[in-house]
Amino acid sequence: MPSFPAGDDPNTDIFDLSMGGIESFDNSGSFQRDCSSSDATQFRANRSLKLAKGTTQHRIPAWLRYSRTWAVVATVLTIVIASVWRFVLDDEEERQFFRDSVQEIADRYAQDIKRQGVTSLSSLQALAAMIKFDDSNFTVHNFDGIAGSLIKAYKGISNLQLAPFGTVRYIHPLVDAKMDNRAALGYAQLLDPARREGALNTIRSKGIQAVGPLTLLQGGIAVIGRCSIFTRFAPKFLPTESFTKAGVTYHSNCSTPETQLLNCYFPGPLESDGVPTHFWGFATVLTLTSDLVAPVELQRLQEGAHRIGGLSQFDYQLSAEVPHASLADVNGVFAHSFRAGPGWIPEDPVTAYVDLPHFGIKWVLKVEPVDGWPRMSASFWFHLCVFLPLTGLLGLGMGVCIISDIRRKALQVEKLEEYKKDVISSDIIMSVSNVDLLQFPMCLMSVDHFMNLRRLISHETARDLNKLCFVDDSKRLAHLRDEEGILFFSHQWAGFFHPDEENVQYNTMVATCDELKQKQARFQWIWVDYFSIPQAAVVQQQHAINSLLAYASHCSIFVAVAPTCEHSDLASELNVHTYSVRAWCRLEQLGYLMASVHEHTPSAYLNTGQGLTPLWGAEGVVTEATSLDVMGGNFTCCARHHPDGEKCDKQRIVGVMLGIFWQLLQIRRDCPPDATRSIELLHLIEGNLQHYFPSTTTYSTDGGNQNENIDLFASV
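Conventions used here
- Residues numbered from 1 in each chain as written.
- Predicted model: local features only at pLDDT ≥ 70, side-chain atom pairs only at ≥ 80, totals over all residues.
- Heavy atoms only, no water.
- Helix = DSSP H or I, 4+ residues; strand = E, 2+ residues; numbered from the N terminus.
- Contact = heavy atoms within 4.5 Å.
- Disulfide = S-S within 2.5 Å.
- Buried < 20%, exposed > 50% of the residue type's maximum accessible area, 1.4 Å probe, protein only.
- Polar contact = N/O pair within 3.5 Å; in protein donor to acceptor, adjacent residues only side chain to side chain.
- Phe/Tyr/Trp six-rings, centres within 6.5 Å; stacked < 30°, edge-to-face > 60°.
- Lys NZ or Arg CZ within 6 Å of the ring centre and 35° of its normal.
- Pairing = 2+ DSSP bridges.
- Axes fitted to C-alpha atoms, helices over the stretch in contact; angles between N-to-C directions.
- Parallel < 35°, antiparallel > 145°, perpendicular 65-115°, else oblique.
- Left-handed = near helix turned anticlockwise from the far one by under 90°.
- Nonpolar A, V, L, I, M, F, W, Y, C, P; charged D, E, K, R; others polar.

Engineer: What should I look at first to understand the overall build of the chain in this one?
Structural biologist: Secondary structure summary: the chain contains 24 helices and 24 strands in total. Across the chain, the fraction of contacts at a sequence separation of at least 24, relative to all contacts at a separation of at least 6, is 68%.

Engineer: Explain the state of the cysteines to me, please; I cannot follow it from the model alone.
Structural biologist: By definition, a disulfide links the sulfur atoms of two cysteines through a covalent bond. Per the stated rule, a full pass over the model turns up one disulfide. The disulfide partner of cysteine 254 is cysteine 264, and the S-S distance across this bridge is 1.6 Å. Every disulfide takes its handedness from the sign of the S-S torsion; for cysteine 254 and cysteine 264 that torsion is -80 degrees, giving left-handed. Of the two residues, cysteine 254 sits in the loop between β8 (248–251) and α7 (257–263) while cysteine 264 sits in the loop between α7 and β9 (278–288), which places them 10 residues apart along the sequence. Of all cysteine sulfurs in the structure, the one in cysteine 638 sits closest to cysteine 637, which takes part in no disulfide; the separation is 4.0 Å. Owing to a relative accessible area of 3%, cysteine 637 belongs among the buried residues under this scheme.

Engineer: When you look at the environment of histidine 491 in this model, what are you seeing that I'm missing?
Structural biologist: Of note, histidine 491 is situated in strand β16 (residues 486–491). Classification of histidine 491 as buried rests on a relative accessible area of 2%. Among residues more than four places away in sequence, those in contact with histidine 491 are Leu456, Pro499, Gln505, Met509, Val528, Asp529, Val561, Tyr579, Cys585 and Glu588. Here aspartate 529 takes part through its side chain, which lies 2.9 Å from a polar atom of the side chain of histidine 491.

Engineer: Help me understand the packing of aromatic side chains in this model?
Structural biologist: Two descriptors summarise a pair of aromatic rings, namely the distance from one centre to the other and the angle between the planes of the rings. Evaluated as defined, the whole model comprises 17 aromatic pairs. Over the face of the ring belonging to tyrosine 353 we find lysine 362, whose NZ or CZ atom lies 5.3 Å from the ring centre. In this arrangement the basic side chain of arginine 640 is found over the ring face of phenylalanine 496, its NZ or CZ atom lying 4.4 Å from the centre.

Engineer: Which parts of the structure should I look at to understand the sheet that holds strand β4 (residues 170–172)?
Structural biologist: Within a beta sheet, neighbouring strands are joined by backbone hydrogen bonds and run either parallel or antiparallel to one another. The strand order across the open sheet formed by five strands is β4-β3-β9-β6-β5, and the pairing between neighbours is antiparallel. Strands at the two margins of the open sheet, each flanked by one partner only, are β4 and β5 (208–215). Each strand axis lies, on average, 15 degrees off the axis of its neighbour in the sheet, ignoring direction. Here strand β3 (residues 159–164) runs beside β4; their pairing, made up of three bridges, is antiparallel. When the bridges of β4 are listed, glutamine 161 appears paired with isoleucine 171. Across the sheet, helix α5 (residues 143–154) touches β3 and β4, and the angle it forms with β4 is around 40 degrees. Each of β5, β6 (221–231) and β9 touches helix α6 (residues 193–205); the most contacted strand, β6, lies at about 50 degrees to it.

Engineer: Could you clarify how one ought to interpret the pairing of strand β10 (residues 314–320) in this entry?
Structural biologist: A regular strand places its side chains on the two faces of the sheet in alternate fashion. Of all seven residues in β10, seven are buried, a share of seventy percent or more. Residue alternation in β10 divides its side chains into two sets, Phe314, Tyr316, Leu318 and Ala320 and Asp315, Gln317 and Ser319, and both sets are buried. With seven bridges joining them, β10 and strand β13 (residues 361–369) adopt antiparallel strand pairing. Bridge pairing in β13 links leucine 318 to leucine 365.

Engineer: I tried to follow the environment of alanine 335 on my own but got confused; where do I start?
Structural biologist: Within the secondary structure layout, alanine 335 lies in strand β11 (residues 333–336). In this structure the C-alpha to C-alpha distance between alanine 335 and glutamine 317, which are 18 residues apart in sequence, comes to 6.0 Å. Here alanine 335 is in contact with Tyr316, Gln317 and Leu318, once residues within four sequence places are set aside.

Engineer: Any chance you could explain the packing of helix α18 (residues 583–595) against helix α22 (residues 654–670) here in plain terms?
Structural biologist: The relative placement of two packed helices is expressed as an angle between their axes plus a distance between the axes. The interhelical angle for the contact between α18 and α22, taken along N-to-C directions, is 30 degrees, at an axis separation of 11 Å. Taken together, the axes of α18 and α22 lie roughly parallel to each other. The interaxial crossing formed by α18 with α22 has left-handed handedness. Taking contact as the criterion, the partners of Leu587, Leu590 and Met594 in α18 are, on α22, Val656, Met657, Ile660, Gln663 and Leu664. Residues belonging to the contact of α18 with α22 are distributed by class as follows: seven nonpolar, one polar and no charged.

Engineer: Would you mind showing me how to read unusual backbone geometry here?
Structural biologist: Leave glycine aside and you will find that most residues have negative phi; peptide bonds, for their part, are mostly trans. Here the bond from histidine 172 into proline 173 is cis, since omega is -5 degrees, no more than 30 degrees from zero. With respect to the helices and strands, proline 173 occurs in the loop between β4 and α6. Despite not being glycine, glutamate 297 shows a phi value in the positive range, around 60 degrees. Here glutamate 297 lies in the loop between α8 (289–293) and β10. In this structure, histidine 642 takes a positive phi of about 50 degrees despite not being glycine.

Engineer: I tried to follow the packing of α22 against helix α23 (residues 676–687) on my own but got confused; where do I start?
Structural biologist: Closest axis-to-axis distance for the α22/α23 pair is 9 Å, and the angle between their directions is 125 degrees. With respect to α23, the axis of α22 lies oblique. You can see that α22 and α23 cross each other, and the crossing is left-handed. Note on element contacts: α23 touches α22 through Ser678, Ile679, Leu681, Leu682, Ile685 and Glu686, opposite Phe661, Leu664, Leu665, Ile667 and Arg668. In terms of residue class, the contact of α22 with α23 is made up of eight nonpolar, one polar and two charged.

By themselves, these figures tell us nothing about what the structure is for.
If you want it as structure tokens, here you go:
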């Protein structure tokens, strides 16, 4: 750590630096400062007092760190909880427990019904698969045996049907103890106006559709599932058919090409080998609701098979959420307990859903205890006399534990905040102590070597050619500046990978050297960023960037080179205006400006290819205000959206900018006679501190598709 002269210790309160005197303007408008005023002393004291108060206000309130406060809170909470227990828990929790248990049973039955429905309807897929690959009608000829095997295997099926071209031709069983299905033979589903649209929807879906429960003509309530079958062996067009219903005969017209395409052409999906398929007909499963729910054994609900507390018998009712027209008079109910028929209106049932969206089925199962839901009045006093005191003690104990934990965490937070303050202070101290410190040698090239380069070369190339003079001693640098002269060239890069592919800027630099020699300017050494700052070694490069202020302070002449040229990668024009907004160029200007704040006429020039002119105020483009606005300048890394996640240059110069700000504060504190320019710069900063020293900035990557805020000066 370098030593500081008296009064320069960076640990000095920043308010003592910034408020070291009283500033004013006299009647003529010139700046005046009184560094010995007793008002200034009082002002600093007031600011220190406010700072101390502000620090206290941001500490965690003391009452939050005492256990007795939280004991009171725990007591209040215990009283509130006891009240809730006394008036609500006896009537709600046990009731909800019973209800949830019954809900679980209802959900389980609903799942069993759903599983049986899926199983029964899946028999259609097996039957359709047989027909799809049957080129010899084996399935049709042996339908009774195949259907009998499917009914036995899948269960819950009343009968299976085949309807080639949409007309029912095969039913198994045709007649049994429950129903006689002979009347359904010959039923043409595509010709009956009442069923044609539903049949066409099944063909369009190319899958399984279900309807019901509905009342059958032959008696009973059933669910009907229908599957459209497409096969490569089916004819392209349906044959002409007729169907008679209630004395009215309906015909299909498939006799001409036009009517065939309009009424009788139903193509299916292509086979895997590209062969087209056509509509063969329907496979239909019919299951009586009594057969469907028989495997589930819903009657166990009313027979006392489930005991929950004092509950053992339950009424149930199974209905369609949207009843079929044939069941409208019974509200869609198709299965129920003895007393829960269609007219039964449950008071407060639990509800479970049998949802088969792929088949268009949604049924509702309602379950309710036969004698209604019980109340908890029998256990009210037990809860009041036993559980309430235990809960109070438990709540008090938990409160003590929680408060202890909160206190421990609060202390951890305080320690963490103190650690953060120490880190921030360390960062500030490091930045300030490095203001005039050479973290990396100042690399200079002699004028003769520079004039013979023919083009700008990188640091590494110049080093390997022994064309650089490495100076790491401030005294020697001061000697070179005062006795031999150092010329600092500031310029903008005309390419991402080389600053001057076309030698336009180099030629302007050579012309500048010639003109300065004609003006009898004294300089024997030259500093240019490309060969004076490492380009390949990132760590060394950062050390050199941190030393920019020291480099600039040891230069006797500063020249901004801004000829009109073209950027080799962007194909855009570069000129004095683009130079003036380049952040790195502004930082170099600011570094020299800080080194020359005590000079009325600093040796700073601008060369746009037309000869030397004064830098600040030249052509109304470069001013001291623009030089100060480094963070508002353009950064190439930001324009390129930080490829490969590289570190933003704004972060790399935070320490340098803090050092500059500290220098300005020191100058105002010490009140030298020629401090006017420095104080004017401070006025600019304090007038818009967030602009010149922003808390955060937007860091963009991935071509600008990802953005996040990163800290710059937020912590300081």
